[in-house]
Each structure stands twice: as C-alpha cells, then as structure tokens.
Amino acid sequence: MKFIDLRSDTVTEPTPAMREAMAKAEVGDDVYGEDPTVNRLQELAAEMMGKEAALFVPSGTMGNLASILAHCQRGDEVIVGDKAHTFLYEAGGISALGGIHSCQLPNQPDGTIALEHLQAAIRPKDIHQPPTRLIALENTHNRCGGVVLSPAYCHKVSEFARERGILTHLDGARIFNAAIALGISAKELADPFDSVTFCLSKALCAPVGSLICGSRDFIERVRRVRKQLGGGMRQVGVLAAAGIVALETMIDRLAEDHARAKRLAQKLEGAPGLKIESGSPATNMIFAQLESGSPITTKKVCDALKERGVLVGAIEPHRFRIVVHYWIDDAAVEITAQAFWEVLKTLKTDHGA
Ligand SMILES: *Cc1c(COP(=O)(O)O)cnc(C)c1O
C-alpha cells in the first residue's frame, strides 16, 4: 500500500529534477574542498542567509552540534528553550560530546523565550558558575507547533546578547517555511544571528543534508569540528546537487503546503473528539488534540488511520502532529480528512461515548 504520510516533512523523497541533477553532478573530494557542486551549494546558502560562508553537513543535528561546539568551550553554558529540538531530540550531543552545559528556559506557546527569563539566566562572572556563551533559538519552532518567530523578536534577543558579549545561533531547520509564512526573505530572519543552520531534507525535499552559515572564521572552525565528528564527506556533490535544486526551485512553493495545511485543518475541525490547537497551523504543521482523559488515544487513532492508508504523528497520548509537504496533494488532503472523521466516529461508537 502507498501511504499518505503526514508524520513529518522528513519523509519527502527527492523530486525527478533532483534525481536528474544528482546523476549529472560534477564531483570532487570535498574534504580537500574540491567538490565544485558542494562549493556552489555552500556559496548559494551563504548568500541566501546573508552570511560570509557556509558548510554542508549530513544532518540538522550535526549542524546544531558542530555550530555549538565551534562557539563554546567545555564548561560553557548555552541557553536553549525547554522545547527546543536541540534540547529534546539531539541525543544530548552537546553535553555528551562537547562537555557543554545547557540552561533550559521555558518556551512560550509562540516559540519565544521571554526576555526577562533570559535576563535572569545570564551568569555573573563567578568561578562557581559556567559562563553563558551562547543563546540558541529555533524558527520555525517545531514542538511549539511550527510557529514563526518574528524578526523583531530575534533582533531584540541578539541585541540583548551582543550587549553582554554572548553569541547567538538559530536552529532554522525550517527557516524557509518561516520566511514564506511572513512574506520576507530568509536573510532577514537569519540576520540577527551569528550562525544559522537549515535543512534541505525536510519540506525542500532533498534526500540528505543541512547547511551551517556564519562568518568565514566561524565556518573554518566548524569545518574542523565536522571532521572530528566524522562528517567530512568525499564526492558528496551528488547530494549537494539535489540541495541546489531545492534552494533554487522548492522555496516559493512552500506557500502551497501552508495553504493545504490550513484546508486540512478546516476539514478536520468538528471531527468527533478532536480539537485543532489555537493558531494551528502557523506553517506546514497541524497540531490537534483529543480530549484529555478520553479512552480514545492518538495511538488507537493512528493504528486505525494506518489501515486506511494514512500516517500521522502521535507525539503525545492525546496530541497529534500532522505535517503537510510536497507529496501531499489536494486528493490526499480529502482522503485524510475523510479517514479521520470515519475513524473518530467508529472509535467513539466502540467506546460507547
Ligand atoms: C529536524 C530538525 C532538526 C534536525 O535535523 P535532522 O536532519 O533530522 O538531524 C533540528 N532542528 C529542528 C527544529 C528540526 O525540526
């Protein structure tokens, strides 16, 4: 069975144009800096983010890890949101591999960290305390609902940091979804930060890869860290070629994903026992909840949806994440909405509710 897969935008497969570009890619040894396709991708990425340089890495996780390792020394502290991908889903790499301490501050529902919380968390000069070296934000904010951080907020945080000699990093895994949702360039969103990472392998459909962007000096240090992590790749232009197609042709169309996500959310509205979270979808992700305490769990719903050929994410016992992407067309939106209604009605009857 071919599934309608809404668990994540990471399930996106490369487009025919990408496969063609991959087959034709000129390559060289990228550890020697000699892969022309990788070099072209890196130049394009740096330009799009308004930074001096960029580096291709295998994943967003390595992008954040290598960035934070390049910014911080052992025993330094990085401030992250308590719902940040880096804190929740990157296997504790910064502390396991870097000896870097994290300070987790509450992410507000809009994905921000309150400035007064930042203010209170900055360490004084004191040998008992780890020095605050870096503040990391996330845009769009995944766990907060694919919500978008505004450039105004990001500038406030970066000004606050700069005044205190603290660096800033943006986990911009989905920065282009944020840019499209705001109708501005990704460069404007990257501008406040010393470094930015973004993913090619999510909504942009490339099979593999992320980029780290920042100053030339920073990227040189990141290149060494990438080597230490075993992320120096050789004729990787075959992957970078797909990334170039992603950056050149797959960004503007993200508006279609956002529109389909809205349409799907509207169709799901009112399905028995299901509540779309307020403000959702902000971009390409719908977050929806079942009544808490209900015997109908997301796991039961997902199992029944799967029998109908639809996959969605059960991220908590009563909370779904439904992600729209390139391979979800109008027909898939219809089928998904219909499957949800049928499953929820059936489960409700089964539970005698
Ligand atoms: C997916 C994701 C990452 C990590 O990307 P991988 O390529 O899966 O390692 C980092 N940050 C956010 C916000 C993400 O959604």
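Structure shown above.
The following paragraphs examine the structure supplied in this document. (Residues numbered from 1 in each chain as written. Predicted model: local features only at pLDDT ≥ 70, side-chain atom pairs only at ≥ 80, totals over all residues. Heavy atoms only, no water.)

## Quick word on the overall build of the protein chain
For the protein chain, the count of helices and strands is 14 helices and 13 strands. Against the 2.2 N^0.38 benchmark of 20 Å for 353 residues, the protein chain shows a C-alpha radius of gyration of 21 Å, consistent with a compact globule. Each principal axis of the C-alpha atoms in the protein chain carries an extent, and together these give about 60 × 55 × 35 Å. Of all 353 residues assigned to the protein chain, the portion counted as buried reaches 56%. (Helix = DSSP H or I, 4+ residues; strand = E, 2+ residues; numbered from the N terminus. Rg over C-alpha atoms; globule rule 2.2 N^0.38 Å. Buried < 20%, exposed > 50% of the residue type's maximum accessible area, 1.4 Å probe, protein only.)

## Topic: the nonpolar core
The biggest cluster of nonpolar side chains holds 55 residues, and the ones touching the most others in it are Ile 175, Phe 176, Phe 198, Leu 200 and Leu 247. Here this core gets 7 residues from one element, more than from any other, and that element is helix 11 (residues 237-249). Each residue touching Phe 176, except ones within four places of it in the same chain, is listed here: Met 48, Met 49, Ala 186, Phe 198, Leu 204, Leu 247, Ile 251 and Leu 254. Of all hydrophobic cores here, the second largest spans 31 residues; its members include Ala 271, Ile 276, Val 310 and Ala 332. (Core = buried A, V, L, I, M, F, W, Y, C linked by side-chain atoms within 4.5 Å. Contact = heavy atoms within 4.5 Å.)

## Looking at helix 8 (residues 175-182)
Listed in full, the buried residues belonging to helix 8 are Ile 175, Phe 176, Asn 177, Ala 178 and Ala 179. For helix 8, the secondary structure elements touched by its buried residues are helix 2 (36-49), strand 6 (167-171), helix 9 (186-190), strand 7 (195-199), helix 11 and helix 12 (254-268).

## Examining the pattern of salt bridges
Counted under the stated rule, the structure contains 22 salt bridges. Between Arg 234 and Asp 29 there is a salt bridge, with its nearest N and O atoms 3.2 Å apart. In this pair, Arg 234 is assigned in the loop between helix 10 (216-228) and helix 11 and Asp 29 in the loop between helix 1 (16-24) and helix 2, connecting sequence segments 205 residues apart. Residue Asp 29 is classed as buried on the basis of its relative accessible area of 14%. Among the salt bridges present, the one from Glu 77 reaches Arg 123, with a minimum N-O distance of 2.7 Å. Residue Glu 77 is found in strand 3 (residues 77-81), and its partner Arg 123 is found in the loop between helix 6 (115-121) and strand 5 (132-138); the two are separated by 46 residues along the sequence. The class of Arg 123 is partly exposed, set by a relative accessible area of 27%. Put simply, Arg 253, Glu 256, Asp 257, Arg 260, Arg 263 and Asp 330 are held in one network by salt bridges that share partners. (Salt bridge = Lys/Arg side-chain N within 4 Å of Asp/Glu carboxyl O.)

## Quick notes on a nonpolar patch on the surface
A surface patch of nonpolar side chains, amounting to about 250 Å² of accessible area, comprises Phe 87, Leu 88 and Tyr 89. Tracing the sequence through the fold places Tyr 89 in the loop between helix 4 (85-88) and helix 5 (93-98). (Patch = residues over 30% accessible without salt bridge, like charges linked within 9 Å, V, L, I, M, F, W, Y side chains within 5 Å. Areas by Shrake-Rupley, 256 points an atom, 1.4 Å probe, with all protein chains shown as cover.)

## Re the site of the ligand
Not every one of the 13 residues close to the ligand is listed here, only the nearest: Gly 60, Thr 61, Asp 171, Arg 174 and Lys 202. Thr 61 places a polar side-chain atom, nitrogen or oxygen, 2.6 Å from an oxygen atom of the ligand. Within the side chain of His 85, a nitrogen or oxygen atom sits 3.5 Å from a nitrogen atom of the ligand. Taken by itself the ligand offers 380 Å² of open surface, and the protein chains cover 86% of this. Of the residues forming the shell around the ligand, the biggest block, 3 residues, is contributed by helix 3 (residues 60-71). (Near = heavy atom within 4 Å. Polar contact = N/O pair within 3.5 Å; in protein donor to acceptor, adjacent residues only side chain to side chain.)

## Structural notes on unusual backbone geometry
Backbone geometry follows two general trends: most residues other than glycine have a negative phi, and most peptide bonds adopt the trans configuration. Here the residue pair Asn 139 and Thr 140 is connected by a cis peptide bond, since its omega of -5 degrees sits within 30 degrees of zero. Tracing the chain through its elements places Thr 140 in the loop between strand 5 and helix 7 (151-163). In the segment running from Ser 280 into Pro 281, the intervening peptide bond is cis, with an omega of 0 degrees. By the element assignment, Pro 281 lies in the loop between strand 9 (274-276) and strand 10 (285-290). The phi dihedral of Ala 91 falls on the positive side, at around 55 degrees, and the residue is not glycine. You can see Ala 91 is positioned in the loop between helix 4 and helix 5. By relative accessible area, which is 76% here, Ala 91 ends up exposed. Here the phi dihedral of Cys 205 falls at roughly 80 degrees; this positive angle occurs in a residue that is not glycine. Mapped onto the elements of the fold, Cys 205 is located in the loop between strand 7 and strand 8 (210-214).

## Focus on the packing of aromatic side chains
Within the structure shown, the criterion is met by 3 aromatic pairs. Between Phe 176 and Phe 198 the ring centres are 5.2 Å apart and the planes differ by 80 degrees, which places this aromatic pair in the edge-to-face class. Placement of the pair is Phe 176 in helix 8 and Phe 198 in strand 7, with a sequence separation of 22 residues. The pair formed by Phe 176 and Phe 198 is uniform in burial state, with each residue classed as buried. (Phe/Tyr/Trp six-rings, centres within 6.5 Å; stacked < 30°, edge-to-face > 60°.)

## Concerning the packing of helix 13 (residues 298-307) against helix 14 (residues 330-350)
Following both chains from N to C, one finds helix 13 and helix 14 inclined at 125 degrees, their axes separated by 10 Å at the closest point. By the criterion of interaxial angle, the relationship of helix 13 to helix 14 is oblique. Two packed elements cross with a definite hand, and for helix 13 against helix 14 that hand is right-handed. When helix 13 is examined against helix 14, the residues Lys 300, Val 301, Ala 304 and Leu 305 are found in contact with a partner set consisting of Ala 339, Phe 340, Val 343, Leu 344 and Leu 347. When the residues that make up the contact of helix 13 with helix 14 are grouped by side-chain class, the tally is 8 nonpolar, no polar and 1 charged. (Axes fitted to C-alpha atoms, helices over the stretch in contact; angles between N-to-C directions. Parallel < 35°, antiparallel > 145°, perpendicular 65-115°, else oblique. Left-handed = near helix turned anticlockwise from the far one by under 90°. Nonpolar A, V, L, I, M, F, W, Y, C, P; charged D, E, K, R; others polar.)

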